[in-house]
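Structure assessment
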Amino acid sequence: DGSCYEACYHGVAESFFGKAKNTESREALNLCGAKEDYDSPHEYMACIYGIGRALMKTSDNDLPKSLNSCDEYETELEQTNFYPGVFAENSQSKS
């Protein structure tokens, strides 16, 4: 319904990746499901962005590893929403 926006997706993705043993698994990258499952494309893209942030945070800020995971997405649209999430978390991390 739009009341959550990206913040909820970040939290859910971080929780998932925090419990996942292999954050590069296809299962983890499919956490958001399909674009058709959402009321708007923006909500789906917010989820993809949130996964990018969460993966960067839970990978001990391993930028190359996080960016390589982005390449697992099949569409350019997904990749262009995942990359900014990785970079946003990278720029805000305490390195």
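First things first, this report covers the structure right here in the doc. Quantities reported herein were computed from a predicted structural model and do not represent experimental measurements. (Residues numbered from 1 in each chain as written. Predicted model: local features only at pLDDT ≥ 70, side-chain atom pairs only at ≥ 80, totals over all residues. Heavy atoms only, no water.)

1. Here's the deal with the nonpolar core
For clarity, the cut-off: For our purposes a nonpolar core is just a set of buried Ala, Val, Leu, Ile, Met, Phe, Trp, Tyr and Cys residues, chained together by side-chain atoms within 4.5 Å. Note on exposure labels: buried denotes an accessible area under 20% of the residue type's maximum, exposed denotes more than 50%, and partly exposed covers the range between, all computed with a 1.4 Å probe on protein chains only. Think of it this way: any DSSP run of H or I at least four residues long counts as a helix, any run of E at least two long counts as a strand, and we number them from the N terminus. When checking whether two residues touch, look at their non-hydrogen atoms; a contact exists if any pair is within 4.5 Å.
Phe-17, Cys-32, Tyr-44, Ile-48, Ile-51, Tyr-73 and Phe-82 are the most contacted members of the largest nonpolar core, which totals 18 residues. Every element with two or more residues in this core is listed here: helix 1 (5-19), helix 3 (41-58), helix 4 (63-70) and helix 5 (76-92). Aside from chain neighbours lying at most four places away, what touches Phe-82 is Leu-29, Ile-48, Ile-51, Gly-52, Leu-55, Ser-66, Ser-69, Cys-70 and Tyr-73.

2. With respect to the side chain of Ser-59
Condition: Polar contact is the term for a pair of N or O atoms within 3.5 Å; when the atoms are in protein, one must be able to donate a hydrogen and the other to accept it, and sequence-neighboring residues count only if both atoms are side-chain atoms.
Here Ser-59 is to be found in the loop between helix 3 and helix 4. Under the relative-accessibility criterion, Ser-59 is labelled buried at 9%. In terms of polar contacts, Ser-59 uses its side chain to reach the backbone carbonyl oxygen of Met-56, at 3.1 Å. Look past the residues within four positions of Ser-59 in its chain and what remains in contact with it is Lys-65 and Ser-66.

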